[in-house]
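Spelled out, the chains give:
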Amino acid sequence: MKKAIMIIAAMLTLFGGLAMGQRCLPGMSALEIKADMADGFYTGNSRNCGYSFGVFYSVYKGRANTWSFGGEYLQTYKPYGAKGRIPVAQFTGEVGYNLHLLSDYSQTFHLYGGMSALGGYETVNWGKRILSDGSTLHDGDNFIYGGALNLQAEFYLSDKVAMTANVKGRFTFGSDVQIYHTTYGVGVKFIIE
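Definitions and cut-offs
Residues numbered from 1 in each chain as written. Predicted model: local features only at pLDDT ≥ 70, side-chain atom pairs only at ≥ 80, totals over all residues. Heavy atoms only, no water. Helix = DSSP H or I, 4+ residues; strand = E, 2+ residues; numbered from the N terminus. Contact = heavy atoms within 4.5 Å. Areas by Shrake-Rupley, 256 points an atom, 1.4 Å probe, with all protein chains shown as cover. Core = buried A, V, L, I, M, F, W, Y, C linked by side-chain atoms within 4.5 Å. Buried < 20%, exposed > 50% of the residue type's maximum accessible area, 1.4 Å probe, protein only. Pairing = 2+ DSSP bridges. Axes fitted to C-alpha atoms, helices over the stretch in contact; angles between N-to-C directions.

K.L.:
Run through the overall build of the chain, naming residues and quoting values.
P.N.:
What the chain contains, in helices and strands, is one helix and eight strands. The order of α-helices and β-strands along the chain, N terminus first, is α-β-β-β-β-β-β-β-β. Considering only intrachain contacts with a sequence separation of at least 6, the fraction spanning at least 24 residues in the chain is 60%. A total accessible area of about 10400 Å² is found for the chain, and carbon and sulfur atoms account for 68% of it.

Below is the structure:
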């Protein structure tokens, strides 16, 4: 019990003294790396969900609002037959604006809501039209476009590093397979001055 209290006290000392730093000031920027689950919880055997990875660059504007620019890779699967699945991958670029909704007094927690425009390319079964059982796949590769709505929480560990948690709804028109995807996950944000 004493060890646990000492560890917690050490963590509060390490991170607690940095909590009152100046954060989210106009002109500051950040680089964020995200990893998300898509359309459910993905495991290696999942037949109808997937995952995504993204890298985003943000620029802080007045009142802690941000412009964000980035790219994302989304991989999902569609069930086929009794045990099979067909991979669907999207490569997208994204531009968005995030409104600062809430923060605590010490500036260690921030909540943002935003929307973005996206565009990119979708490939179904990596372009292979003939499936393993000889069937022909009618869904093809396409250019896609659309938008996203997101909600993101940031937890500052120091003045330069924040952990993030996010939920995003993506609408991608032009897809032969699926128009809407829900993603949720975590990330790490590095503040650049």
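K.L.:
Quick one: what's the story with the nonpolar core, residue by residue and with numbers?
P.N.:
With nine residues, the main nonpolar core is built from Cys24, Met28, Ala30, Tyr60, Ala64, Tyr112, Tyr156, Ala162 and Ile191. Beyond its immediate sequence surroundings of up to four residues, Tyr112 is in contact with Cys24, Tyr60, Ala64, Thr66, Asn98, Leu99, His100, Leu101, Asn150, Leu151, Gln152 and Glu154. Residues Tyr42, Cys49, Tyr51 and Ala89 belong to the second largest nonpolar core, which totals six residues.

K.L.:
Outline the sheet that holds strand β1 (residues 29-38), listing residues and values.
P.N.:
The antiparallel closed barrel is built from eight strands, whose spatial order is β1-β2-β3-β4-β5-β6-β7-β8. The mean inter-strand angle of the sheet, taken between neighbouring strand axes irrespective of direction, is 25°. For β1 and strand β2 (residues 50-60), the ladder comprises ten bridges, and the chain directions are antiparallel. The partner of Ala35 across the bridge, within β2, is Phe53.

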